[in-house]
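Descriptive structure summary
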Amino acid sequence: MRRFGAIIFFILLFSATQFVFAGENLKLVFALDLVRHGDRNTNHYYPKVSKTWAKTERGKLTPLGRKEAKSLGKKFWKYYVNEMHLLPENFQPNLVYVRSTNFQRTKETARSLLKGMFPANSDKINIFVPLAREDILNTINYRGARNLITKEVEEDIANLDKGLLVAIQKQLQKINHIFGTKLSEIYEFSKVADVIKVSKIHKKPFVKKLSKQTIDKIIALKSRYMTRYYMHPKMACLYAKNFIIHLANLLESKQKQKYFLYVAHDSNIMTIVPLLGGALKQSPPYLSDLRFEVLQDKNQKLFVRTSLDGKNIKLCESSNYCPLAEYVRKLRNNVASCEIS
């Protein structure tokens, strides 16, 4: 019996070793990074709440955002050139495709990433910025449909997390009392919470009017609410369906480019992840990276690996390496079952 158990153990060990060996020897042949923009100024302006933010700077990338994006670009270069050998050390612009939503913070993030990746040649790379109405990653295009389903989504959130909306209302009352505002809706809380979060990062004076405990609670509540909101099946379907179809088509086609870089927003990542079978516990940070890699084995078979900030997302339950045909099929099935009533 002991001999039988030992045999089984070595068989399992050998199988696991073979799988790891196969995974480590896969060759990277294509990659797409969808990156959230870098550190920005607040998106919102409340003159009664804070006079320290210039209205003209709303939503724009900060010097810190540019610096951190360039640093991330250097890491990308090290990974794709030195480690995975996807891109040659001698720059070839025809192998790279870069796309950004039409916002200052995303376009500047893309440019800063490229300066880190290809410091001597970054200006030679065109950043494609589609028209807003044609941009599958521009969530503004879905505003009308979003407004139609928001009430239903919020009711589902309330049923899932009954204490969340109550806690938000309590914090709204506290904010109104301190700053003389008359905020009452959840979307208003989200906006002022953004001002507070960004002001905390940049040590803006008005934050001192709030206790650290209150600040942390407001930021945590916003993250909790936004994650629930954007990862709701209907919201994920609305915002991410077209990107998932685009991704499936891209993976099936033969692209001359080996590397795609898309720069967009946290709402994109939060809505795409559920359609990949993943889940998030909190909002993705600045420069969060959703990565899709196509790898080839010695028999020319292709596999897809998906990760968010280095953590694998399994679309195929059995492995981090999903056969490409199966991966695409699952993407299309997830979209086919994605409906908005």
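Coordinates for the structure precede this section.
All of the points below concern the structure found in this document. (Residues numbered from 1 in each chain as written. Predicted model: local features only at pLDDT ≥ 70, side-chain atom pairs only at ≥ 80, totals over all residues. Heavy atoms only, no water.)

With respect to the pattern of salt bridges
Between side chains of opposite charge, a pair can form as their charged atoms come close. Definition in use: The rule for a salt bridge is simple: a side-chain nitrogen of Lys or Arg has to be within 4 Å of a carboxyl oxygen of Asp or Glu. Each helix is a run of DSSP H or I of at least 4 residues and each strand a run of E of at least 2, with the numbering of both proceeding from the N terminus. Using a 1.4 Å probe on the protein chains alone, a residue whose accessible area is under 20% of its type maximum counts as buried, one over 50% counts as exposed, and one in between counts as partly exposed.
Per the counting criterion, the structure on display carries 14 salt bridges. Asp161 is paired through a salt bridge with Arg228; the nearest N and O atoms lie 3.3 Å apart. You can see Asp161 sitting in the loop between α4 (143–160) and α5 (162–179) and its partner Arg228 sitting in helix α7 (residues 212–230), a full 67 residues away along the chain. Linking Asp194 and Lys222 is a salt bridge whose minimum nitrogen-to-oxygen distance equals 3.6 Å. Of this pair, Asp194 sits in helix α6 (residues 186–201) while Lys222 is found in helix α7, placing the two residues 28 residues apart along the sequence. For the pair formed by Asp194 and Lys222, the shared burial category is buried.

Details of unusual backbone geometry
The backbone of Leu287 sits at a positive phi, close to 65°, despite the residue not being glycine. You can see Leu287 is positioned in the loop between α9 (266–275) and β5 (289–296). Look at Gln300: it is not a glycine, yet its phi comes out positive at around 70°. Within the fold, Gln300 resides in the loop between β5 and β6 (302–308). Residue classification places Gln300 among the exposed residues on the basis of a relative accessible area of 54%.

Some remarks on the packing of aromatic side chains
Put simply, the test is: Two aromatic rings from Phe, Tyr or Trp, using only the six-membered ring of Trp, form a pair when their centres are within 6.5 Å; if the ring planes differ by under 30 degrees the pair is stacked, by over 60 it is edge-to-face, and anything between is tilted. Both a distance and an angle decide whether a charge sits over a ring: NZ of Lys or CZ of Arg must be within 6 Å of the ring centre and within 35 degrees of the ring normal.
Following the criterion strictly, the structure yields 15 aromatic pairs and no others. Each ring, one from Tyr229 and one from Tyr230, has its centre 5.1 Å from the other, and the planes form 85°; the classification is edge-to-face. We note that Tyr229, like Tyr230, is buried. Joined through ring pairs, the aromatic side chains of Phe30, Tyr97, Phe128, Phe243, Phe260, Tyr262 and Phe292 make up one cluster. One Lys or Arg, Arg99, reaches over the ring of Tyr262 and ends 5.6 Å from the middle of that ring.

As for the state of the cysteines
The condition is simple: The definition used for a disulfide is geometric: two cysteine sulfur atoms within 2.5 Å.
What the rule picks out here adds up to 2 disulfides. Here Cys316 pairs with Cys322 through a disulfide, and the sulfurs are 1.7 Å apart. Judged by relative accessible area, Cys316 falls into the buried class, the value being 2%. Sequence-ordered numbering of the bonded cysteines in the protein chain yields a pairing of 1-4, 2-3.

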